[in-house]
Amino acid sequence: MVTDAGGTAPFHQELEEHSRPVWDAIFELPFVREVGDGTLALERFAYFIAQDVLYLDQFARVLARGATLADTPATREMFLRHAANVGRVEERLHEDLAPRIGLDVEAVRRQEPAPVTVAYTDHLLRVAHTGTLGELVAAVLPCYWVYARVGERLARRLPDHDVYRQWILAYASPEFHRSVDEQLALVDRLATLAGADERRLMHQWFLRSLRYEWMFWDQAYRTLRWPVAP
Ligand SMILES: Cc1ncc(CO)c(N)n1
């Protein structure tokens, strides 16, 4: 384990080491593997993008709440920039991909989100509105870190599939990786300021979000619908 001058590992490394089996399970997901080799059924990908549109609408609100809770001007500026980037970068990606995969983004926005989408965004919104800034950052970290890791892995050998290649390259981009590094540095800084109780909650929310990341792709692979409907 790499340690700093004080002999303690950065907090994000502690988070990573405690969650290794979940990371491995994410890399093994059929959804992730099949995007990577270009064989994923387009119906599953379209379902994923639809749920991700609904997810990102809430995620941007969580980041805006980070700006409200920010303890320094630099941290406030970072959250405002990231919240704006969700619209600028990811929504543009979705709006570009949507017509190519038969998806109407405006119609998607009128739909009720699927069960895992609701569970994940409700978790993030609850932490954002009842927790500390450290808790919020720990909860949103998997959103950044998982996509950066998956993007990086899949970009090593890009599939022969225009849509999946474009999606992978968005998350393998230096711009996205810079925003991930900013969140990692922030979680490390806030963990050094946090007491034992807050650090325990940071671990808990990080792990919960990481599991929801796994579930979000699993939900899309199964194109899960609410089991009973009116
Ligand atoms: C579910 C989910 N998590 C993380 C990201 C990356 O921001 C995303 N687009 N969707």
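What you see is a predicted model; the values in this text were computed from it and never measured.

### A short note on the overall build of the protein chain
Item 1. For the protein chain, the count of helices and strands is 11 helices and zero strands.
Item 2. Element order for the protein chain, N to C, with α for helix and β for strand: α-α-α-α-α-α-α-α-α-α-α.
Item 3. Dimensions of the protein chain, computed from the C-alpha atoms along their principal axes, are close to 50 × 40 × 30 Å.
Item 4. By the burial criterion, 50% of the 230 residues in the protein chain qualify as buried.
Item 5. Sequence-distant contacts, at least 24 apart, represent 81% of the contacts inside the protein chain between residues at least 6 apart.
Item 6. Once the 26 positive and 33 negative side-chain charges of the protein chain are each reduced to a mean point, those two points are 1 Å apart.

### A short note on the side chain of E16
Item 1. When you line up the elements, E16 lands in helix α1 (residues 11-18).
Item 2. Under the relative-accessibility criterion, E16 is labelled buried at 15%.
Item 3. Residue contacts for E16: discarding those within four places in its chain leaves W23, W145 and R149.

### Quick notes on the site of the ligand
Item 1. Near the ligand the following residues occur: D52, Y55, L56, E90, C143, Y147, Y171, E213 and F216.
Item 2. In this structure, D52 approaches the ligand through a side-chain N or O atom, which is 2.6 Å from a nitrogen atom.
Item 3. Contact with the protein chains hides 99% of the accessible area of the ligand, taken as 290 Å² for the molecule alone.
Item 4. In this structure the site holding the ligand corresponds to the largest pocket.
Item 5. Going through the elements one at a time, α4 (42-69), α8 (133-155) and α11 (196-221) are the ones with two or more residues in the shell around the ligand.
Item 6. Sort the elements by how many residues they give to the shell around the ligand and α4 lands first, with three residues.

### Thoughts on the layout of surface pockets
Item 1. In this structure, the largest pocket encloses a volume near 390 Å³.
Item 2. Around the largest pocket, the lining comprises 25 residues; the ones closest to its centre are E90, Y144, Y171, F176 and S179.
Item 3. Every element with two or more residues in the lining of the largest pocket is listed here: α4, α5 (73-97), α8, α9 (162-172), α10 (174-193) and α11.
Item 4. Counting residues per element, the lining of the largest pocket draws most heavily on α5, at seven residues.
Item 5. Residues of the lining of the largest pocket, tallied by class, amount to 14 nonpolar, four polar and seven charged.

### A short note on the nonpolar core
Item 1. Counting 81 residues, the largest nonpolar core has F45, F48, F59, W167 and W217 as the members making the most contacts within it.
Item 2. Contacts of W217, omitting those with residues within four sequence positions, involve I26, L29, F31, V32, F48, V146, Y147, V150 and W167.

Criteria and cut-off values
Residues numbered from 1 in each chain as written. Predicted model: local features only at pLDDT ≥ 70, side-chain atom pairs only at ≥ 80, totals over all residues. Heavy atoms only, no water. Helix = DSSP H or I, 4+ residues; strand = E, 2+ residues; numbered from the N terminus. Buried < 20%, exposed > 50% of the residue type's maximum accessible area, 1.4 Å probe, protein only. Contact = heavy atoms within 4.5 Å. Lys, Arg positive; Asp, Glu negative; His and termini not counted. Charge placed at Lys NZ, Arg CZ, Asp CG, Glu CD. Near = heavy atom within 4 Å. Polar contact = N/O pair within 3.5 Å; in protein donor to acceptor, adjacent residues only side chain to side chain. Areas by Shrake-Rupley, 256 points an atom, 1.4 Å probe, with all protein chains shown as cover. 1 Å grid on protein atoms, 1.4 Å probe; cavity = no way out; pocket = protein on both sides within 12 Å on 5 of 7 lines; lining within 4 Å. Sits in = over half its atoms within 2 Å of the grid points. Points joined across faces, edges and corners; volume = space filled by probe spheres on them. Nonpolar A, V, L, I, M, F, W, Y, C, P; charged D, E, K, R; others polar. Core = buried A, V, L, I, M, F, W, Y, C linked by side-chain atoms within 4.5 Å.

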